[in-house]
Amino acid sequence: MKELQQLVRPNIWSLAPYSSARDEYSGHEAHVFLDANENPYNAPYNRYPDPLQRQLKQMLAKVKHVPDDMIFLGNGSDEAIDLTYRIFCQPARDNVVAIEPTYGMYRVCADINNVEYRPVLLGADYQLQASDLLAACDEHTKIVWLCSPNNPTGNSLRRDQLLLVADRFPGIVVVDEAYIDFAQQPSLRQELATHPNLVILQTMSKAWGSAAIRLGMAFAHRDIIALYNKVKYPYNVNLLTQQQAMQMLADPFEVDKYVRLLLAERQRLMPAILQLPVCQQVYPSDANFFLARMTDAPTIYRYLVDRGIIVRNRSQVQQCHNCLRITVGTRSENNELLAALRQY
Ligand SMILES: *Cc1c(COP(=O)(O)O)cnc(C)c1O
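Just so you know, these numbers come straight off a predicted model, no measurement behind them.

Undergrad: Please explain helix α5 (residues 105-112) as it appears in this structure.
TA: Along an α-helix, a turn takes 3.6 residues, which lines up residues three or four apart on a common side. Within α5 the residues assigned to the buried category are Y106, C109 and A110. The buried residues of α5 all sit within an arc of 105 degrees when viewed along its axis, so they share a single face. The outward face of α5, more than 90 degrees from its buried face, is lined by the exposed residues D111 and I112. Close packing links the buried residues of α5 with α4 (77-88), β3 (116-121), β4 (141-147) and β5 (172-176). Looking one or two residues beyond α5, the residue adopting positive phi is N114, at roughly 55 degrees.

Undergrad: Can you help me understand the pairing of strand β2 (residues 95-100) in this one?
TA: Looking along a regular strand, one sees the side chains alternate between the two faces of the sheet. Among the six residues in β2, six count as buried, and that is most of the element. Side chains N95, V97 and I99 of β2 all project onto a buried face; the interleaved residues V96, A98 and E100 project onto the opposite face, where all are buried too. In this structure, β2 lies alongside β3, joined through six bridges in parallel fashion. Among the inter-strand pairings, I99 is bridged to a residue of β3, identified as V120. In this structure, β2 lies alongside β4, joined through four bridges in parallel fashion. Within the sheet, the bridge partner assigned to V97 lies in β4 and is V144.

Undergrad: Got a minute to help me understand the nonpolar core in this structure?
TA: Soluble globular proteins: nonpolar side chains tend toward being buried together. Membership of the largest hydrophobic core comes to 87 residues, with the highest contact counts inside it found for Y85, F88, W145 and L146. Sorting elements by how many residues they give to this core places α4 first, with six residues. What Y85 contacts, discounting residues up to four positions off in sequence, is R9, V96, Y106, C109, A110, N113, V115, Y117, I143 and W145. Of all hydrophobic cores here, the second largest spans 24 residues; its members include L269, M294, I326 and L341.

Undergrad: How do you make sense of the side chain of R189 when you look at a structure like this?
TA: Relative to the helices and strands, R189 resides in the loop between β5 and β6 (198-203). Despite its burial, R189 remains without a salt bridge, the nearest opposite charge being carried by E177 at 5.1 Å. Apart from the residues lying within four places of it in its own chain, the contact partners of R189 are K64, V66, I200, Q202 and F219.

What counts and what doesn't
- Along each chain, numbering runs from 1 in the same order as the chain's sequence is written.
- Residue-level local features of this predicted model are given only where pLDDT is at least 70; pairs of side-chain atoms are given and counted only at 80 or more, and the full residue set underlies all totals for whole chains, interfaces and linings.
- The side-chain quantities take in all heavy atoms of the structure and omit both hydrogens and water.
- Per-residue accessibility, obtained with a 1.4 Å probe over protein chains only, is compared with the maximum for each type, and a residue is labelled buried under 20%, exposed over 50%, and partly exposed between these values.
- Starting at the N terminus, helices and strands are each numbered in turn, a helix being any DSSP run of H or I of at least four residues and a strand any DSSP run of E of at least two.
- This arc corresponds to the set of directions leading from the helix axis out to the C-beta atoms.
- Whether two residues touch is decided by their heavy atoms; if any such pair falls within 4.5 Å, the residues are in contact.
- Two strands qualify as a pair provided DSSP detects at least 2 bridges between them.
- To qualify as a nonpolar core, a set must consist of buried Ala, Val, Leu, Ile, Met, Phe, Trp, Tyr and Cys residues joined through side-chain atoms within 4.5 Å.
- We score Asp and Glu as negative and Lys and Arg as positive, and we do not count His or the chain ends.
- Just to be clear on terms, a salt bridge is a Lys or Arg side-chain nitrogen sitting within 4 Å of an Asp or Glu carboxyl oxygen.

As structure tokens, then:
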């Protein structure tokens, strides 16, 4: 890995971050707060929330086995994705390399930040070839985007190839693990100690059943986390989100129940879809969704919409011709989908 200073945008490296009212006193007991122009009435919503979400991070540190100063929290993982560009990439000069197909936000954020986006097609079985990806990098490549389990293909990328990229690429390697709680593969979190260029993204939006609260996390070396904290909005995670996340984290076994139920449903739904005359192939999944190649995906998609059933039409995506991406729902939702497709 290059020196961190060589990877960071010079203006961000030298940035003096906004100092909020409550940052400026510390180490003192206080009970009269007349510093932040808050209204003294309407507690607890009158007070600004903790900008560093310390209590929530302490709970996460225990659940994820990562020290709290190696955790960044954002308004969904989408905030962490955008901040990664703003920290590392000089617009109109730097580039990023990503697997293709994958999650669409990496490209959108590249376009917003005017950073060149270099997609590299996945190989057979939607697998990552580390050497292909590394061949697309040059001296202006700041970030490599990886997603495992990958969206929309559903498969986990091979761990040896992920780690090969992290070992060989001298810049930042982001591994988006939004679906890791559903996967047979373990998280790469344990690799952070030996890979200072690794940024791992996770979210409360999928297995934790909390997409509405918008809470995403990044795990990385503490020097990288410090950069995210410097660039983010001071109060990027609101009080209601922090409270609800802590309530979920208080009972992490609830998530295991969701995961067990959804994986059992996926095991039932995938072969049932494959048996349908309209389905040609179902791709292996390590997530709470799977990709199905159909005889005519756009027509089947519209047919389902007319019956009030929405799946994701991925036919226009490279290497996903005629594919629908199907999220695993409740047993009765999955039965409705199957019944509709049997009548097609
Ligand atoms: C759903 C998803 C996310 C979640 O984004 P949030 O902003 O945390 O809701 C992140 N990455 C991938 C690949 C996803 O599919």
